[in-house]
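Fold and geometry: a report
One letter stands for each residue in the lines below.
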Amino acid sequence: MILKRFLSQKNAAVESSTFLKELIDTSSDCLSALANIGVDVSTWDAIVIHLLTLKLDQETRKQWELSATGGTDSNTLPSFQEFKDFITNRFRALEFVETKKPSSGIHHFSQVKPRVLHTVQNTQCPCCSELHKITFCKQYAALDVNARRNFVQEKGLCFNCLGNNHSAKFCQNATSCKICKRRHHTLLHPTDATPANTSGAKVSNVGTVEAEEPPLVTNCFARGTGQVLLATAIVNAKSKSGVYMAIRALLDQGSQASFITEATAQYLGLKKEPIKGNISGLGGDNNLISKAMVILHLQSLAHPNINISVQAYVLKTITSFLPANKVMDLNGLNITGIQLADPDYHTPNKIDVLLGAEVYSRVIQDGVRKNNQGTLLAQSTTLGWILSGIVDSFNTTFSGITVLHSQINEDNILKSFWEIEADSSSQKRLLSEEEERCESIFAASTKRDSEGRYVVKLPFREEDPSCKYGHSNEVAAKRFYSLENRLHRDTELQSKYKEVIDEYLHLGHMVEVPENDKNENAVCLPHHPVVKMDRETTKVRVVFDASCKGKNGISLNDDLMIGPKLQPDLRHLVMKWRMYPICLVSDIVKMYRQVKVTEEDADFQRILWRENSNEVLKEYKLLRVTFGTACAPYLAVKALQQVAIDHGRDYPMASERVLKDFYMDDLMTGCMTVDEGVQVYKEMNELLGKAGFELQKWTSNSNQLIKAMKLENNEKEIEDELKIKHDEIIKIRSYLEPEFR
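To start, this report covers the structure provided alongside it. (Residues numbered from 1 in each chain as written. Predicted model: local features only at pLDDT ≥ 70, side-chain atom pairs only at ≥ 80, totals over all residues. Heavy atoms only, no water.)

**Topic: the sheet that holds strand β17 (residues 447–448)**
So the rule is basically this: Paired strands, in this sense, are two strands between which DSSP finds at least two bridges. Helix and strand assignments follow DSSP, with helices taken as H or I runs no shorter than four residues and strands as E runs no shorter than two, numbered in order from the N terminus.
The sheet built from three strands is open, its strands ordered β17-β18-β23 with mixed pairing. For this open sheet the edge positions go to β17 and β23 (596–597), each flanked by a neighbour on one side alone. The sheet contact formed by strand β18 (residues 454–456) and β23 spans two bridges and is parallel. Each bridged residue has a counterpart across the sheet, and for V456 the counterpart in β23 is V597.

Right under this line is the structure:
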């Protein structure tokens, strides 16, 4: 059954993001299912890729072949993971392009359901406890339908996808029952139920359509049996290197100018001249702007001695696929014995160039053929014979009314409204499988050192991360030489950058790696400066690029899990903060660097550094949570909240605020009285100090509270200028901009 599902996947007629998603999802599920039942598929890559490429559309297959043969070692066969990454990037690009397509003459109103990509992982079956999905469980499939439904209900599984942590009402999986098309899994389909038609609606005998649930808004259109075929041609275009390449052109006598897509201009390597021109279309709308123009040299395939030069304006896209549907019949038009300008006129494909009236008048020739009805003609041109008129398409072999429903559900609108307005901190959030793994790794591996600081492990997706084998040292060395040249050109920046590195060494947040500890599997992170002159404290900070990919195409961040969201939304925090009559604001000094990482994980945070170019390049390793790694915000916030959990009994006022009133390292809280504010100030410093977190820049809108905090603070002074004043801005950093000191 698994092989049958894999081999019976449909072929693509045109480029489609939906098809590519389904192809890679289904193939990955099938291979994972075979691996779970003991079949070794590790050597199947070449066969799997060959079978799947046969199902791709012509353009995607061509791009894959170019990608597969464009590597540094053409003798090495591509892996299935490389093919999967290519298809993933391809359908993401197509999704963006498809959402930008202009609408055609006939408007189709349909409700497009979102699709969710699921990572294929070895999950434990809740029925037999083996490492496979329940959908591939033989023991579960052997049960009758009622027993399966009872099992799903007892285990709290989703009736639609059989997953956990959610119900069918909130399931984002776009699939449904293959028998009745309703929102339940096919394994749970009742044996006495009757199948439904694919449209999800009941068709009555009189030809009307009755929706199962009355929609609030219904849009209908009537579609006949034909479509309009526009004149297209395949022509040769001269590239920057002088080589002619075939592109597809649309001839439009109603256009005063010619246009070319951005992708085609880059494909040919044409030089773009900057211009700014407004393009006016039907209805006088001139919102479309072209910012560049190219000189395009074309050659006819039918008559190679004919060459045409044209100025073409560059646009992101010109039109949607033409024809809209596959052409089935030319309605009696005789095209025998003539050379067509576009031999693939019947297949939907993209348009690279639109040739306007100036070109149309130069290529038109005597010679016209029409069908008996006069609805379709073939016109002779120097590019070949072009076809235009009404034709029959592949998917219009029936006559009737097609009704599609576009619904607006008041319940969903109200739900979205209340989700925005409600305080999410009081709701228990369901964690994904990856987020649960992060939590379990933190709980099982986190320790405290002699000073009370937390020592955490990096949450890797796999026990043996692939980033270790990417020779990141060579990549980091190239990046460092570029950084060194930049610092040599800016002595002030060089001095500030060195101060930051020296601070890391002085505080013990980074140590030099001994000569005898040259670990080939260690990961070296490139680093660079970020300068912000509006800062009151440090103007320059060092950013470590954990997203830099090694020679194997995998970065440290690719192997790290991000972790769940732990803090409330900023809008809720600000609204709660403004309700206090007395406000308190503070932040943590170098929050990330107050949390240590384990010694073995510090090898994943090595960097290269030397003070001047005369020295030998040395390796250092970062011993603290590093800004730039994907898991850094989670680890730092989790350690902060763990202090409140571990010592909360002794500091009740502070512990509650640590869990609810922090936005990353910024404290935004308040109190009703000055005495309460002093108590919060005292407890907060003592509580966070137990884990090495130091609060600074205490700010309040109450003069009395500031004076009281001065008396409480015996070691440091609280400056008067930190008081909140009228017409003064105090910045609270965003979640995406962590520590900057």
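**Thoughts on the packing of aromatic side chains**
Which entries qualify depends on this criterion: Only Phe, Tyr and Trp rings are paired, with Trp represented by its six-membered ring, and only when their centres lie within 6.5 Å; those with planes under 30 degrees apart are stacked, over 60 edge-to-face, the remainder tilted. For each residue, the accessible area found with a 1.4 Å probe, counting protein chains only, is set against the maximum for its type, and the residue is called buried under 20%, exposed over 50%, and partly exposed in between. Charges are assigned to positions over rings by a cutoff of 6 Å between ring centre and Lys NZ or Arg CZ, combined with an angular limit of 35 degrees from the ring normal.
This structure, assessed with the given rule, holds 12 aromatic pairs. Seen in terms of ring centroids, W64 and F86 are 5.4 Å apart; in terms of plane orientation they differ by 55°. Their pairing is tilted. With W64 in helix α4 (residues 58–68) and F86 in helix α5 (residues 80–99), this residue pair connects regions lying 22 residues apart in the sequence. Exposure class is identical for W64 and F86. Each is buried. Following the ring pairs from residue to residue traces out a cluster consisting of W64, F80, F83 and F86. The ring of W385 carries the charged tip of R369 above its face, separated from the ring centre by 5.6 Å.

**Comments concerning the pattern of salt bridges**
Note the following rule: Any Lys or Arg side-chain nitrogen found within 4 Å of a carboxyl oxygen on Asp or Glu counts as a salt bridge.
Applying the stated criterion across every chain yields a total of 28 salt bridges. Here E439 makes a salt bridge to K638, at a shortest N to O gap of 3.3 Å. Highlighted residues: E439 in helix α11 (residues 433–445) and K638 in helix α16 (residues 632–647), separated in sequence by 199 residues. Judged by relative accessible area, which is 22%, E439 ranks as partly exposed. Note that K576 is salt-bridged to D661, the shortest N-O span being 3.2 Å. Of this pair, K576 sits in helix α15 (residues 570–577) while D661 sits in the loop between α17 (652–660) and β26 (662–663), and the two are 85 residues apart along the sequence. Here the residues in one salt-bridge network are D517, D603, R606 and E619, joined through shared partners.

**Quick look at helix α3 (residues 45–53)**
The cut-off we apply is this: The arc refers to the directions leading from the helix axis to the C-beta atoms.
Within α3, burial applies to V48, I49, L52 and T53. All buried residues of α3 fall inside an arc of 125° around its axis, so they share one side.

**With respect to the pairing of strand β14 (residues 376–381)**
Most of β14 sits out of view: five of its six residues are buried. As paired strands, strand β13 (residues 364–370) and β14 are joined by four bridges and run antiparallel to one another. Along β14, the bridge assignment pairs I364 with T381. Counting the residues in the hairpin turn of β13 and β14 gives five residues, including G374, whose phi is positive at 75°.

**Looking at a nonpolar patch on the surface**
Using the following cut-off: Patch membership is restricted to residues that have no salt bridge and whose relative accessible area is over 30%. Joining uses 9 Å for like charges and 5 Å for the nonpolar side chains Val, Leu, Ile, Met, Phe, Trp and Tyr. For the accessible areas, the method is Shrake-Rupley and the probe is 1.4 Å, while residue cover comes only from the protein chains on display.
A surface patch of nonpolar side chains, amounting to about 260 Å² of accessible area, comprises V228, L230 and I390. Given the relative accessible area of 42%, I390 is considered partly exposed.

No statement about biological role is implied by the geometric values presented.
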